[in-house]
Amino acid sequence: REVAEELLGHGTDIRVAIAPSPAAARRAAAGEGERTPSAVPMRTGPVSGPPAGGISGIRPSGRGARPARIEHGFRDLDDFVVGTSNRLAWMAAVQTADPREHPPAGIMFMHGDCGVGKTHLLQGICRRYSSIATASGGDPRVRYVTGEQFTNEFIAAVRDSRIEQFRDRVRRLDLLAIDDIHFLENKVRTQNELLHTLDAIGLTGSRIVLASDGHPSLIRRCSRSLVNRFLSGMVIEVER
């Protein structure tokens, strides 16, 4: 208020309103009730990009991964169609993808309907980060994984008593990108593991980019601690 009055004059009125996300509105219309988000998603609009999917593996794995591995089959940020609906997400992605720049937030969480380009942005971030870091003489540790793949790897590690190897692989990274994070709904042990993973990576100053079909507060059966981590960074809605 003080800044506004200094710029606009005495008596300037400031009001803050929280608008429900489109997903919450759809749930309410369907009679499922509305869960009000505890943070306002940043709104952005239309992107036409390749459909989500098309990459089934986790690339690259471990230390010493080269850009040839990360770039194979990954989408490029230069091919992303930018409009009013997605400009904020694209600008944040470009900044996050440059290891020479300070990232806009410790955790970047993108959400939006299927087909709006979230996977394109995540893969583009991984590809560009790996390319720039390698060209600068670095040895980037970058990983893109889906929520399903993260879950399956964690379950396999527990089953085979390889949990320390799993943690070593996912926590010592410069950049971690997880797509379809809503897949972890109702998976308590996997959610706890992800929570500790995000904390461990965050302590090193590494970058974390997540994507989901819905706002963090609307992910069902997700622990409050994990939701709070999602909301602690930059939450961006990618609209059609």
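Residues numbered from 1 in each chain as written. Predicted model: local features only at pLDDT ≥ 70, side-chain atom pairs only at ≥ 80, totals over all residues. Heavy atoms only, no water.

Draft legend 1. Main features of the side chain of Lys118. Take Lys118: it is sitting in helix α5 (residues 118-135). Of the polar contacts made by the side chain of Lys118, one reaches the backbone oxygen of Gly112; its length is 2.9 Å. The residues touching Lys118, leaving out its near neighbours within four places in the chain, are Met110, His111, Gly112, Asp113, Ala211, Ser212 and Asp213. (Helix = DSSP H or I, 4+ residues; strand = E, 2+ residues; numbered from the N terminus. Polar contact = N/O pair within 3.5 Å; in protein donor to acceptor, adjacent residues only side chain to side chain. Contact = heavy atoms within 4.5 Å.)

Draft legend 2. The arrangement of the pattern of salt bridges in detail. Considering all chains together, one arrives at 16 salt bridges under this definition. Among the ionic pairs, Asp78 bridges to Arg128, the shortest N-O distance being 2.6 Å. Here Asp78, found in the loop between α3 (67-71) and α4 (87-96), pairs with Arg128, found in helix α5; they are 50 residues apart in sequence, far enough to count as distant. One salt bridge in this structure joins Arg172 and Asp168, with 3.0 Å as the shortest N-O distance. Owing to a relative accessible area of 53%, Arg172 belongs among the exposed residues under this scheme. Its relative accessible area of 37% is what places Asp168 among the partly exposed residues. In the salt-bridge network here, residues are joined through shared partners; they are Glu164, Arg167, Arg171 and Glu193. (Salt bridge = Lys/Arg side-chain N within 4 Å of Asp/Glu carboxyl O. Buried < 20%, exposed > 50% of the residue type's maximum accessible area, 1.4 Å probe, protein only.)

Draft legend 3. Structural view of the packing of helix α8 (residues 188-203) against helix α9 (residues 224-231). Where α8 meets α9, the axes come as close as 9 Å, and the angle between the chain directions of the two elements is 35 degrees. In the crossing of α8 with α9, the sense of the turn from one axis to the other is left-handed. The segment α8 lies against α9, with Gln191, Leu194, Leu195, Leu198 and Asp199 engaging Ser225, Leu226, Arg229 and Phe230. Of the residues contributing to the contact of α8 with α9, the split by class is five nonpolar, two polar and two charged. (Axes fitted to C-alpha atoms, helices over the stretch in contact; angles between N-to-C directions. Left-handed = near helix turned anticlockwise from the far one by under 90°. Nonpolar A, V, L, I, M, F, W, Y, C, P; charged D, E, K, R; others polar.)

Draft legend 4. Just α9, in detail. Those residues of α9 not exposed but buried are Leu226, Val227, Phe230 and Leu231. Down the axis of α9, the smallest arc covering the buried residues is 140 degrees, so these residues share one side. In the core, the buried residues of α9 are packed alongside β2 (107-111), α8, β5 (207-212) and β6 (234-237). (Arc of directions from axis to C-beta.)

Draft legend 5. The packing of aromatic side chains, seen in detail. Across all of its chains, the model carries four aromatic pairs by this definition. Relative to Tyr144, the ring of Phe74 lies with its centre 5.5 Å away and its plane at 80 degrees, an arrangement referred to as edge-to-face. Placement of Phe74 in the loop between α3 and α4 and of Tyr144 in strand β3 (residues 142-146) is noted, with a sequence separation of 70 residues between them. No difference in accessibility class separates Phe74 from Tyr144, as the two residues are buried. Taken together, a centroid distance of 5.9 Å and an interplanar angle of 55 degrees make the contact between Phe154 and Phe166 tilted. You can see Phe154 sitting in helix α6 (residues 147-159) and its partner Phe166 sitting in helix α7 (residues 163-171), a full twelve residues away along the chain. We note that Phe154, like Phe166, is buried. Three or more aromatic residues joined by ring pairs make a cluster, and in this case those are Phe150, Phe154 and Phe166. (Phe/Tyr/Trp six-rings, centres within 6.5 Å; stacked < 30°, edge-to-face > 60°.)

Draft legend 6. Fine view of the side chain of Arg207. Residue position: Arg207 is located in strand β5. Despite its burial, Arg207 remains without a salt bridge, the nearest opposite charge being carried by Asp98 at 6.4 Å. A polar contact is formed between the side chain of Arg207 and the backbone oxygen of Thr96, at a distance of 2.8 Å. Polar side-chain contacts of Arg207 include one of 2.5 Å to the backbone oxygen of Glu101. (Lys, Arg positive; Asp, Glu negative; His and termini not counted.)

Draft legend 7. View of the packing of α4 against α5. Look at α4 against α5: their axes get within 9 Å of each other, and the N-to-C directions meet at 25 degrees. By the criterion of interaxial angle, the relationship of α4 to α5 is roughly parallel. Two packed elements cross with a definite hand, and for α4 against α5 that hand is right-handed. Two secondary-structure elements touch here, α4 through Ala89, Trp90, Ala93, Val94 and Thr96 and α5 through Leu121, Ile125, Arg128 and Tyr129. Counted by class, the contact of α4 with α5 contains seven nonpolar, one polar and one charged residues. (Parallel < 35°, antiparallel > 145°, perpendicular 65-115°, else oblique.)

Draft legend 8. Representation of the environment of Tyr144. Owing to a relative accessible area of 2%, Tyr144 belongs among the buried residues under this scheme. Considering only alpha carbons, one finds Tyr144 and Leu175, 31 residues apart in sequence, at a separation of 8.5 Å. Side-chain polar atoms of Tyr144 contact the side chain of Asp179, separated by 2.9 Å.

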